[in-house]
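One-letter residues, chain by chain:
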Amino acid sequence: MDFSGGCYCGALRYHATGKPLFKALCHCQHCQIFSGGMAALLIGMPKSLFAYTQGEPAVMLNQSNSESKAQREFCGHCGTHILAIADSNPEMVSIKVGTMDDISLYGSPEMALQMDDSRAFHTLPEGIAQYPRWPWS
Ligand SMILES: [Zn+2]
Ligand SMILES: [Zn+2]
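Residues numbered from 1 in each chain as written. Chains lettered and ligands numbered in written order. Predicted model: local features only at pLDDT ≥ 70, side-chain atom pairs only at ≥ 80, totals over all residues. Heavy atoms only, no water.

### Regarding the coordination of the zinc ion (ligand 2)
Consideration 1: The protein atoms that coordinate the zinc ion (ligand 2) are Cys-26 (SG), Cys-28 (SG) and Cys-31 (SG), at distances of 2.2 to 2.3 Å.
Consideration 2: Read in sequence order, the donor residues for the zinc ion (ligand 2) give the motif C-x1-C-x2-C.
Consideration 3: On the basis of relative accessible area, Cys-26 is assigned to the buried category, the value being 2%. (Donors = N, O, S within 2.8 Å, 3.2 Å for Na, K, Ca; no water. Buried < 20%, exposed > 50% of the residue type's maximum accessible area, 1.4 Å probe, protein only.)

### Let's talk about the coordination of the zinc ion (ligand 1)
Consideration 1: The protein atoms that coordinate the zinc ion (ligand 1) are Cys-7 (SG), Cys-9 (SG), Cys-75 (SG) and Cys-78 (SG), at distances of 2.3 to 2.4 Å.
Consideration 2: Given four donor atoms and angles of 107 to 112° at the metal, the environment of the zinc ion (ligand 1) is assigned as tetrahedral. (Tetrahedral: all angles 85-135°; square planar, octahedral: opposite > 155°, others 65-115°.)

### Remarks on the side chain of Thr-99
Consideration 1: Within the secondary structure, Thr-99 is located in the loop between strand 9 (92-96) and strand 10 (111-113).
Consideration 2: Polar contacts involving the side chain of Thr-99 include one to the main-chain carbonyl oxygen of Lys-96, which spans 2.7 Å.
Consideration 3: Not counting residues within four places of it along the chain, the set of residues in contact with Thr-99 comprises Gly-5, Gly-6, Tyr-14, Thr-80, His-81 and Ile-82. (Helix = DSSP H or I, 4+ residues; strand = E, 2+ residues; numbered from the N terminus. Polar contact = N/O pair within 3.5 Å; in protein donor to acceptor, adjacent residues only side chain to side chain. Contact = heavy atoms within 4.5 Å.)

### Description of the sheet that holds strand 5 (residues 50-54)
Consideration 1: Taken in spatial order, the three strands make up an open sheet running 1-2-5, and their pairing is antiparallel. Since the sheet does not close on itself, it has two edges, and those belong to strand 1 (2-6) and strand 5, each with one partner. Neighbouring strand axes in the sheet, compared pairwise and without regard to direction, differ in orientation by 25° on average. (Pairing = 2+ DSSP bridges. Axes fitted to C-alpha atoms, helices over the stretch in contact; angles between N-to-C directions.)

Honestly, that's just the spatial picture; any functional story needs more than this.
Encoded structure:
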């Protein structure tokens, strides 16, 4: 895959290339905060094949109150959440699919993560793999 994306206001732009490491819906409590209450749609890419092409992200390290400790990167101007880097997988970026310029490149999620935090109204596409937590830690 080869794709670009950016934030709501356009200040932050990125490019990523290579084979996706995963395509997932993450249900962790933090993703629910950022998504407005639903799971976050993510694409995992090798960090070495991801780069910001315009702007510098704001960085948040929230190490509290979660099973999914991560660094999260945002647009410091409009607040769009671009990606997260899990402490357990520092060489992988989990990009928010909604920030991709062409979301049709994504296809569909293949797995559901952090299901221990999911709510009754979080419905899943049929037949996708489910994990109670982050399966790579
Ligand atoms: Zn922005
Ligand atoms: Zn999450």
